[in-house]
Amino acid sequence: MTFEETLGARVAAALKRVDPGLEVQPLEPLLGGHSGLTYRVPTSNGPVVVKAVPEGQRPVGRHDMVRQARIMQALAPTDVPVPEILVVDETETAWFAMEFVTGESLEPVLDNPEVEPGLAAARMRRAAEILPALHDVPLDKIPVDGPALSPADELQRWSRTMAAVPPELVPGAADLEARLAASVPDAVAPTLVHGDYRLGNIISTGLDPAAVIDWEIWSTGDPRVELGWLLVFADGSNFPGVGREVPGLPSEDELVGLYGRPLPDLAWFNALGRFKMAAIMGHNLRRHREGRHVDPDQERLPDTIITLIRTGRDRLG
């Protein structure tokens, strides 16, 4: 049997232990994510989603399926909308099954199909409004498994990613990194941090968020990290050649106002978000040019990388 067939048999057996009369169909790959393998599994009670550690990979970092499942289980009784976890299998190769949440998880300035501008703006406002619920989750109610990340820790985290990218692919990154390092703000009280909070990771039904997904890099840390990252996606001009400008999206000031809490030094976190995105895109471009993951679309990234680094420097003055 192939890896996929073996995994499918394990999934079917586990789901039938929960519901003995259930009919389970073979796995159907879902493309687009990078946090392990993702499948849609049709059943007689409707589809479920399965996420699994890739064959041959260690269950660490973004491939740690059990860690992802545990945070969503912990959030189930809170005001943070998450999919219901149905089964967690910690044996090698680890996987979990969760409910299939119907809706759209589209980044208006990047993804296709395009989102109608008025709906895109309304969803972005709602994302800012509900973010405090995530940051209000008591830390003693979640499976904290490491120290809280300070702003300096976050910078070091993405500096390591950037350091693996040839400098010619990320011109100006060293200067932006130096400016960030020279002005690291003091940390505030730590909260739960999703790590990639944006509309592309929020399944929406119409206007309202039905589920926050993709918890592979969650941590405890500085809540301003989330706002700085969300603001990167509020302006399509950050992504020339890659994305689009969507008329009517809320301004940075409006989104911060909707969050509704004082956020000192937010410009630094806005610049950090741009540095982070430039590092991720530079990493992807390097892998493409080295032939490790060939994708001609990666050749559209250089203008966006340059823009993110330039506007990051602008945010720091």
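Scroll up for the structure.
Residues numbered from 1 in each chain as written. Predicted model: local features only at pLDDT ≥ 70, side-chain atom pairs only at ≥ 80, totals over all residues. Heavy atoms only, no water.

Student: Can you explain the overall build of the protein chain? Please cite residues and give values.
Tutor: Regarding its fold elements, the protein chain presents nine helices and nine strands. Projected onto its principal axes, the C-alpha positions of the protein chain cover 65 × 45 × 40 Å. Taking all 317 residues of the protein chain together, 48% fall into the buried category. Contacts spanning at least 24 positions in sequence make up 71% of the contacts within the protein chain whose residues lie at least 6 apart. Surface exposure of the protein chain reaches about 14400 Å², of which carbon and sulfur atoms provide 51%. Charge-centre separation for the protein chain: the mean point of 30 positive side chains lies 3 Å from the mean point of 46 negative side chains. (Helix = DSSP H or I, 4+ residues; strand = E, 2+ residues; numbered from the N terminus. Buried < 20%, exposed > 50% of the residue type's maximum accessible area, 1.4 Å probe, protein only. Contact = heavy atoms within 4.5 Å. Areas by Shrake-Rupley, 256 points an atom, 1.4 Å probe, with all protein chains shown as cover. Lys, Arg positive; Asp, Glu negative; His and termini not counted. Charge placed at Lys NZ, Arg CZ, Asp CG, Glu CD.)

Student: So what's going on with the nonpolar core? Which residues, and what values?
Tutor: Counting residues in each nonpolar core, the largest one holds 75 residues, and the members touching the most others are Leu75, Leu192 and Trp215. With 11 residues, helix α8 (residues 266-289) is the single largest residue contributor to this core. Here Leu75 is in contact with Val80, Val82, Val137, Ile142, Leu192 and Trp215, once residues within four sequence places are set aside. Grouped together as the second largest cluster of nonpolar side chains are 16 residues, Leu15, Val24, Tyr39 and Ala52 included. (Core = buried A, V, L, I, M, F, W, Y, C linked by side-chain atoms within 4.5 Å.)

Student: Account for unusual backbone geometry, with residues named and values stated.
Tutor: Backbone torsion omega between Glu92 and Thr93 reads 0 degrees, so that peptide bond is classified as cis. In this fold, Thr93 is placed in the loop between β4 (85-89) and β5 (95-99). Phi is positive for Asp265, which is not a glycine, with a value near 65 degrees.

Student: Talk me through the pattern of salt bridges; I want residue IDs and the actual numbers.
Tutor: Taken as a whole, this structure holds 25 salt bridges when the rule is applied. For Arg70, the salt bridge is made with Glu90, and the minimal N-O distance between the two is 3.1 Å. You can see Arg70 sitting in helix α2 (residues 65-75) and its partner Glu90 sitting in the loop between β4 and β5, a full 20 residues away along the chain. For Arg70, a relative accessible area of 42% translates into the label partly exposed. For Asp222, the salt bridge is made with Arg224, and the minimal N-O distance between the two is 2.7 Å. Just as Asp222 is buried, Arg224 falls in that class too. Taken together, the shared-partner salt bridges in this structure form one network comprising Glu107, Asp196 and Arg198. (Salt bridge = Lys/Arg side-chain N within 4 Å of Asp/Glu carboxyl O.)

Student: Quick rundown of the environment of Asp253? Include the residues and the values.
Tutor: Along the chain, Asp253 turns up in helix α7 (residues 252-259). Distance from Asp253 to Leu231, taken between C-alpha atoms, is 9.5 Å for residues 22 residues apart in sequence.

Student: Summarise the packing of aromatic side chains; cite the residues concerned and give the values.
Tutor: As enumerated under the stated definition, the model contains three aromatic pairs in all. Ring geometry for Phe233 against Phe239: centres 5.8 Å apart, planes inclined by 25 degrees, an arrangement best described as stacked. For the pair formed by Phe233 and Phe239, the shared burial category is buried. Geometrically, the ring pair formed by Trp268 and Phe269 is edge-to-face, given 5.0 Å between the ring centres and 75 degrees between the ring planes. Members of the aromatic cluster, connected to one another through ring pairs, are Trp229, Phe233 and Phe239. Its guanidinium or amino end placed over the ring of Trp218, Arg67 lies 4.1 Å from that ring's centre, counting from NZ or CZ. Positioned above the aromatic ring of Tyr259 is the side chain of Arg261, whose terminal nitrogen or guanidinium carbon lies 5.9 Å from the ring centre. (Phe/Tyr/Trp six-rings, centres within 6.5 Å; stacked < 30°, edge-to-face > 60°. Lys NZ or Arg CZ within 6 Å of the ring centre and 35° of its normal.)

Student: Please give an account of helix α3 (residues 117-135) that cites residues and values.
Tutor: Because each turn of an α-helix spans 3.6 residues, side chains separated by three or four positions in sequence point in the same direction. Between its first and last C-alpha atoms α3 spans 28 Å; for 19 residues at 1.5 Å apiece the expected length is 27 Å, and the two agree. Where α3 bends most, at Glu129, the angle is about 30 degrees, and the proline Pro132 comes one to four residues later. Along α3, the positions that sit buried rather than exposed are Ala120, Ala121, Arg123, Met124, Ala127, Ala128, Ile130, Leu131, Pro132, Leu134 and His135. The secondary structure elements touched by the buried residues of α3 are β6 (191-193), β7 (202-205), β8 (208-212), α6 (224-232) and α7. By the N-cap criterion, in which a side-chain oxygen at the helix start approaches the backbone nitrogen of a residue two or three places on, α3 is capped by Glu116, the distance to Gly118 being 3.0 Å. (Expected span 1.5 Å × (residues − 1). Bend = angle between axes of the 7 residues up to and from the residue. Polar contact = N/O pair within 3.5 Å; in protein donor to acceptor, adjacent residues only side chain to side chain.)

Student: How would you summarise the side chain of Asn201 if you had to cite specific residues and measurements?
Tutor: Structurally, Asn201 is set in the loop between β6 and β7. The exposure class assigned to Asn201 is buried, which follows from its relative accessible area of 3%. Among the polar contacts listed, one links the side chain of Asn201 to the backbone oxygen of Asp196, at a separation of 2.9 Å. In this view, Asn201 contacts His194, Asp196, Ala211, Val212, Ile213 and Asp214; residues no more than four positions away in its chain are not counted.

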